[in-house]
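Observations on the three-dimensional arrangement
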Amino acid sequence: MAITSGTDRQVGDGRLRRGMKTREQLLDAAIDLFGSKGFTSTSMKDLAAAAGVRAPAIYNHFSSKERILAAALVWALEDFKHHVIDTDDPAGEPVARLENLVRKHVTYQLEHSKMVRSADTLLESVALGEILTPEDQAEIRVFIRRYRDLMTQVIDAVRAQTGAEFPSTGLCVLAILNLCDQSRSWFRVDGELSIEEVKDGYWSLIAGMLRLV
């Protein structure tokens, strides 16, 4: 049995890391350009230039522009999952869980506003259903539904724990998600409020809406 040398492994690892970096650069460029210029108006050459690679190199990672779009949307949703959903502690106290999700959601919107804006534009595009395969659309819906389901569970747990009287869980979930989503629409880095102050304010608003204070 052949044994791979340490040098061979290092070369292979280096190529793998470079390949992963190139793929991430392409996905980042895709979210930005597809969201700002539109899918149809963005060429493979545009993507390559924005990612800092040669156009033929794209085909080492993706077979078509449609595959790039699907992968880019899933990549963006996975990033949100990592920074927001995965921070939830199912064993935690319900109100603390809700506060954590609200704060993490607002933080993500403000710290990744450019990517969020482009991803939202793509997800809301009417033409998206004509570009992505049914399988791609189903995968994206699973990601979106996962967060709504988590927020639903947390709101129900808050209601059960506190006995607070507030509107239906579904209405509360929609209100909270929309409020957090829109935080990026008005926030300015050089504005009078810091990200910490915005997070505090949003949690105060939501806690008041649910009569937790």
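As shown above, the structure is provided for reference.
We now turn to the structure provided with this report. (Residues numbered from 1 in each chain as written. Predicted model: local features only at pLDDT ≥ 70, side-chain atom pairs only at ≥ 80, totals over all residues. Heavy atoms only, no water.)

1. Regarding the packing of aromatic side chains
One pass over the structure, following the stated rule, counts 5 aromatic pairs. Geometrically, the ring pair formed by F34 and F39 is tilted, given 5.0 Å between the ring centres and 55 degrees between the ring planes. Aromatic side chains W186 and F187 sit 6.3 Å apart centroid to centroid with 75 degrees between the ring planes, which places their arrangement in the edge-to-face category. Among the aromatic side chains, those forming a connected cluster through ring pairs are F80, Y108 and Y147. Note that K65 overlies the ring of F39, its terminal NZ or CZ placed 4.6 Å from the centroid. Over the ring of F143 we find R146, and its NZ or CZ is 5.1 Å from the ring centre. (Phe/Tyr/Trp six-rings, centres within 6.5 Å; stacked < 30°, edge-to-face > 60°. Lys NZ or Arg CZ within 6 Å of the ring centre and 35° of its normal.)

2. Points about the nonpolar core
Among the nonpolar cores identified, the biggest contains 63 residues, and I31, L98, M151, I155 and I176 are the most heavily contacted of them. Mapped by element, the contributors of at least two residues to this core are α1 (6-36), α2 (44-51), α3 (65-83), α4 (94-111), α5 (113-123), α7 (134-162), α8 (169-181) and α9 (195-209). For M151, the contacting residues outside a window of four places in its chain are L98, L101, V173, I176 and L177. (Core = buried A, V, L, I, M, F, W, Y, C linked by side-chain atoms within 4.5 Å. Buried < 20%, exposed > 50% of the residue type's maximum accessible area, 1.4 Å probe, protein only. Helix = DSSP H or I, 4+ residues; strand = E, 2+ residues; numbered from the N terminus. Contact = heavy atoms within 4.5 Å.)

3. Examining the layout of surface pockets
Counted as a void, the largest pocket has a volume near 700 Å³. Forming the walls of the largest pocket are 24 residues, and the residues nearest its centre are L77, D120, L123, I144 and D181. Within the residue set of the lining of the largest pocket, elements represented by two or more residues are α3, α4, α5, α7 and α8. Among the elements that take part in the lining of the largest pocket, α5 stands out by supplying 5 residues, more than any other. For the second largest pocket, the calculated volume is near 190 Å³. What lines the second largest pocket is simply L123, S125, L128, G129, L132, Q137, I140, R141, I144, R145 and R148. Going through the elements one at a time, α6 (128-131) and α7 are the ones with two or more residues in the lining of the second largest pocket. Broken down by element, the residue count for the lining of the second largest pocket peaks at 6 residues, all from α7. Split into classes, the residues belonging to the lining of the second largest pocket amount to 5 nonpolar, 3 polar and 3 charged. (1 Å grid on protein atoms, 1.4 Å probe; cavity = no way out; pocket = protein on both sides within 12 Å on 5 of 7 lines; lining within 4 Å. Points joined across faces, edges and corners; volume = space filled by probe spheres on them. Nonpolar A, V, L, I, M, F, W, Y, C, P; charged D, E, K, R; others polar.)

4. Side note on the packing of α4 against α8
The contact between α4 and α8 brings their axes to 8 Å, and the two run at 30 degrees. Within the contact between the two elements, α4 uses L98, V102, H105, V106 and Q109 and α8 uses I176, L177, C180 and D181. (Axes fitted to C-alpha atoms, helices over the stretch in contact; angles between N-to-C directions.)

5. Describing the environment of K37
Mapped onto the elements of the fold, K37 is located in the loop between α1 and α2. Through-space distance from the C-alpha of K37 to that of S118 is 9.7 Å; in sequence the pair is 81 residues apart. Polar side-chain contacts of K37 include one of 3.0 Å to the side chain of D46. (Polar contact = N/O pair within 3.5 Å; in protein donor to acceptor, adjacent residues only side chain to side chain.)

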